[in-house]
Every structure is written in C-alpha cells, then in structure tokens.
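Chain by chain, the residues run as shown.
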Amino acid sequence: GNVGNNWSFHVPKEVTGEVGKSTTLSCLFSHPQKTHSGPLTAIWRIDHPYNGTVVFKCMSNNSNDLCKPTINRMNKFQLIGNPHSNNLSISIGNLTWDDGNKYYCRVELSSDRHDKYETRTGTQLHLAAPPRIINITIGFDQFRGYHAICIAEGEPAPSLHWTDPLNTNQEIRLTRPLMKHQTAMELHYLTQDGKYTCGATNSHGRVEASVYLFKFKSGNGNDIGPGLLLAGLAFKLLMLLVLLCSAAWYRNGEYQYYCSFCRRAQESTYENYEPKGH
C-alpha cells in the first residue's frame with residue numbers, strides 16, 4: 001500500500017512455505033527518485049515494523065556494488081532481488097518451525113529520514129509440513145499393560161489411528177497434543193501378538209509406521225514376559241552377591257573376605273587345628 005510521497009511497497013499479505021524447504025518473500029518498492037545509484041541499505045525484520053528484530057541486512061555503495069550482508073540470522077537468508085532495481089525480495093532456506101513469523105522489508109537510500117521507508121503491513125509466513133512419525137514404541141508397565149505409543153508431527157498437526165495385527169481399527173485409548181505441531185496416541189492393554197501400525201494423516205499427506213509385539217507364553221498360555229523379566233533381574237542380583245562374596249584383597253599377609261559367612265568358614269577352619277590340651 002501507499003506509504004507516503006510517491007513511495008510505495010508491494011508485498012504479499014501471506015506466504016506458505018514447507019518445513020525443510022525454502023521459500024521466497026517478495027518486496028517491490030517505488031520511490032520519488034525513480035532511480036537510485038548511490039549507497040543504500042536493505043533490511044528485513046520480524047515481529048513488528050520499525051522496532052522488530054532484524055534478521056537480514058545488507059549494504060551497497062553504488063549500483064555496481066553487490067549488497068553485502070552485515071546481518072544474516074542463522075545464515076539462511078539470501079537476497080534474490082536487486083535493491084537498485086527497487087527489488088528487496090529474499091529467500092529463506094531450510095525452513096524450521098521457528099521461521100513462522102511476520103516479516104517486514106525496509107530500504108534506506110540515505111541517512112535522511114525522508115529516504116527511509118518500511119512496509120507496515122508485512123508478510124505473514126505460514127509453515128506447512130506433511131506428517132512424519134518421529135517415534136513408535138511398545139512398552140510394558142502395571143498401569144497400561146503392554147502398550148504402544150505413536151508420536152507424529154506435521155502442520156496441520158496430523159490425526160493418528162492404530163491398526164492391530166487382525167487388521168481392525170483399534171479403539172483410541174489416549175490421544176494428547178505435545179508441542180504445537182506434534183500429537184501422540186497410546187494404545188493400552190495389547191493382547192494380540194503381531195504387527196501394530198500407526199497411521200498419521202493431514203492435508204499434505206499420509207504416512208505409516210509399524211511396531212511388533214511378541215509376548216513370551218508359558219505352556220498353559222499365560223503371559224510370562226514380566227515374570228521372565230523379574231526372574232532375570234533376580235538372577236543378576238544373585239550373581240552380583242556371589243561376586244562380592246568372592247572378592248578379596250591381600251592385607252598384612254592375609255586374605256580378608258567381605259562376606260560374614262566367608263569369615264565364619266575361615267574361623268571354623270582355625271578351630272579344627274587348635275591343640276587338644278597341654
């Protein structure tokens with residue numbers, strides 16, 4: 001829109017870019033001098049016009065001189081327009097969630113305040129992302145039994161659903177939002193061995209990931225997975241005790257034992273060799 005005395009900026013109201021890719025923010029301007037071959041400064045800022053954080057700034061001495069960046073946040077901005085041709089357009093590479101913001105372009109033709117102009121409306125950068133499953137696991141605890149957890153991200157935040165080994169859609173047990181672009185779904189009390197598949201869908205696509213459950217079964221069909229886990233733990237503790245009791249070090253010409261029953265065994269050996277009277 002018009003900014004003042006024959007000055008104008010032409011910028012899009014909003015732009016959508018995809019996470020991980022690059023996007024372009026265009027900014028064209030006109031000014032009273034029509035052409036300008038002297039020094040100029042091009043600036044892009046975020047959040048607010050006039051006093052927002054500067055993310056890109058470049059300076060050029062004349063129309064034959066490239067605009068040299070003096071500020072380039074995260075080194076991801078690139079000037080693709082020619083400021084001397086009234087074009088301040090930039091590209092932003094490797095978009096992340098943090099880049100979603102409102103951007104304002106500004107040009108300074110000289111130190112005179114009448115030669116400095118900035119767009120007040122700005123361009124809102126929206127981010128889009130196809131769904132991506134970032135974690136899928138199966139666990140066991142006393143509260144949820146065998147359970148599966150699926151975490152996915154995308155923009156819009158994807159909807160999730162589970163399919164069990166019998167290829168039936170499972171009832172949703174627990175769904176919760178995580179960070180702004182992430183969501184998680186848990187499936188509790190899994191009883192069927194086999195493949196559990198998590199599907200994540202949003203307006204940009206669909207993706208699937210699978211995890212497998214195979215429980216240990218005893219002869220009568222009981223689930224002995226947790227029992228085996230505890231038995232294994234108990235065995236490791238027992239072995240640790242045996243190792244501790246076997247440990248010894250040499251002190252004052254004698255072996256000293258850690259375990260009291262080891263010491264008792266030693267003392268009883270001495271008793272066997274006591275002289276029988278005098």
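Anything mentioned here points back to the structure above.
For clarity, every value in this text was computed on a predicted model and none was experimentally measured.

About the criteria used
Residues numbered from 1 in each chain as written. Predicted model: local features only at pLDDT ≥ 70, side-chain atom pairs only at ≥ 80, totals over all residues. Heavy atoms only, no water. Disulfide = S-S within 2.5 Å. Helix = DSSP H or I, 4+ residues; strand = E, 2+ residues; numbered from the N terminus. Buried < 20%, exposed > 50% of the residue type's maximum accessible area, 1.4 Å probe, protein only. Core = buried A, V, L, I, M, F, W, Y, C linked by side-chain atoms within 4.5 Å. Pairing = 2+ DSSP bridges. Axes fitted to C-alpha atoms, helices over the stretch in contact; angles between N-to-C directions. Contact = heavy atoms within 4.5 Å. Patch = residues over 30% accessible without salt bridge, like charges linked within 9 Å, V, L, I, M, F, W, Y side chains within 5 Å. Areas by Shrake-Rupley, 256 points an atom, 1.4 Å probe, with all protein chains shown as cover. Salt bridge = Lys/Arg side-chain N within 4 Å of Asp/Glu carboxyl O. Phe/Tyr/Trp six-rings, centres within 6.5 Å; stacked < 30°, edge-to-face > 60°.

Participant: Just checking my understanding: could you explain the state of the cysteines for this structure?
Facilitator: Two cysteines, two sulfur atoms, one covalent bond between them: this is a disulfide. All told, the structure shown has three disulfides when counted by the stated rule. The partner cysteine of Cys 27 in its disulfide is Cys 105, sulfur to sulfur 2.1 Å. The disulfide joining Cys 27 to Cys 105 has a torsion of about 75° about its S-S bond and is therefore right-handed. Note that Cys 27 is positioned in the loop between β4 (23-25) and β5 (28-30) and Cys 105 in strand β11 (residues 102-108), a separation of 78 residues in sequence. Cys 105 matches Cys 27 in its accessibility class, with the two residues each being buried. There is a disulfide in this structure between Cys 58 and Cys 67, and the S-S distance comes to 2.1 Å.

Participant: Help me out: how do you make sense of the nonpolar core in this one?
Facilitator: Across soluble globular proteins, nonpolar side chains show a tendency to be buried alongside one another. Counting residues in each nonpolar core, the largest one holds 27 residues, and the members touching the most others are Phe 9, Trp 44, Leu 88, Ile 90, Ile 92 and Tyr 103. When residues of this core are traced back to their parent elements, those giving at least two are β2 (7-10), β6 (40-46), β7 (53-60), β9 (77-79), β10 (90-92), β11 and β13 (123-141). Considering each element in turn, this core owes the most residues, four residues, to β6. Core analysis: the second largest hydrophobic core is formed by 16 residues, Tyr 146, Met 185, Leu 190 and Tyr 196 among them.

Participant: Is there a simple way to think about the sheet that holds β9 in this case?
Facilitator: The strands making up a sheet associate through hydrogen bonds between their backbones, and the pairing can be parallel or antiparallel. With antiparallel pairing, three strands are arranged side by side in an open sheet as β4-β10-β9. On the outer flanks of this sheet lie β4 and β9, each paired with one strand and no other. Strand-to-strand twist in this sheet, taken as the mean axis angle between neighbours without regard to direction, amounts to 25°. Bridge analysis of β4 against β10 gives three bridges, and the strand direction is antiparallel. Residue pairing in the sheet places Thr 24 in a bridge with Ser 91 of β10.

Participant: Can you walk me through the side chain of Thr 23 in this structure?
Facilitator: Looking at the secondary structure, you find Thr 23 in strand β4. A residue is classified by how much of its surface remains accessible, and Thr 23, at 10% relative accessible area, is buried. Each residue touching Thr 23, except ones within four places of it in the same chain, is listed here: Val 15, Thr 16, Gly 17, Ile 90, Ser 91, Ile 92, Leu 95 and Leu 125.

Participant: I keep staring at a nonpolar patch on the surface and nothing clicks. Help me out?
Facilitator: There is a patch of nonpolar side chains on the surface, built from Leu 237, Leu 238, Leu 240, Leu 241 and Leu 244 and spanning about 490 Å² of accessible area. Inspection of the secondary structure assignment puts Leu 237 in helix α1 (residues 225-246). When its relative accessible area of 51% is taken as the criterion, Leu 237 is described as exposed.

Participant: Sorry if this is basic, but what is going on with the packing of aromatic side chains here?
Facilitator: Each aromatic ring pair is characterised by the separation of its centres together with the angle its planes make. A full pass over the atoms with the stated rule returns six aromatic pairs. Ring centres 6.2 Å apart and planes at 15° place the aromatic pair Trp 7 and Phe 29 in the stacked group. With Trp 7 in strand β2 and Phe 29 in strand β5, the pair connects residues that are 22 residues apart, well separated along the chain. Like Trp 7, the residue Phe 29 is buried in the burial classification. An aromatic cluster of three or more residues is present, and its members are Trp 7, Phe 9, Phe 29 and Tyr 117.

Participant: I would appreciate a short explanation of the pairing of β6 in the present structure.
Facilitator: Regular strands show a simple pattern: their side chains alternate between the two faces of the sheet. With respect to burial, β6 is a largely interior element, seven of its seven residues being buried. Residues Leu 40, Ala 42, Trp 44 and Ile 46 of β6 are buried on one face, and the alternating residues Thr 41, Ile 43 and Arg 45, pointing to the opposite face, are buried as well. Where β6 and β7 come together, seven bridges link them in antiparallel fashion. Looking at β7, one finds that Ile 43 is bridged to Lys 57.

Participant: Quick question: what am I supposed to make of the pattern of salt bridges here?
Facilitator: A side chain with one charge may pair with a side chain of the opposite charge, provided their charged atoms come close. Applying the stated criterion across every chain yields a total of 11 salt bridges. Arg 132 is the partner of Glu 153 in a salt bridge, and the nearest nitrogen-oxygen pair spans 2.9 Å. In this pair, Glu 153 sits in strand β14 (residues 145-155) while Arg 132 sits in strand β13, placing the two residues 21 residues apart along the sequence. Arg 132 sits in the partly exposed class, given a relative accessible area of 47%. Between Lys 215 and Asp 193 there is a salt bridge whose closest N-O contact spans 3.2 Å. Of the two residues, Lys 215 is situated in the loop between β19 (205-213) and α1 and Asp 193 in the loop between β17 (182-187) and β18 (194-202); the sequence distance between them amounts to 22 residues. Overall, the relative accessible area of 9% leaves Lys 215 in the buried class. A relative accessible area of 26% places Asp 193 in the partly exposed class.

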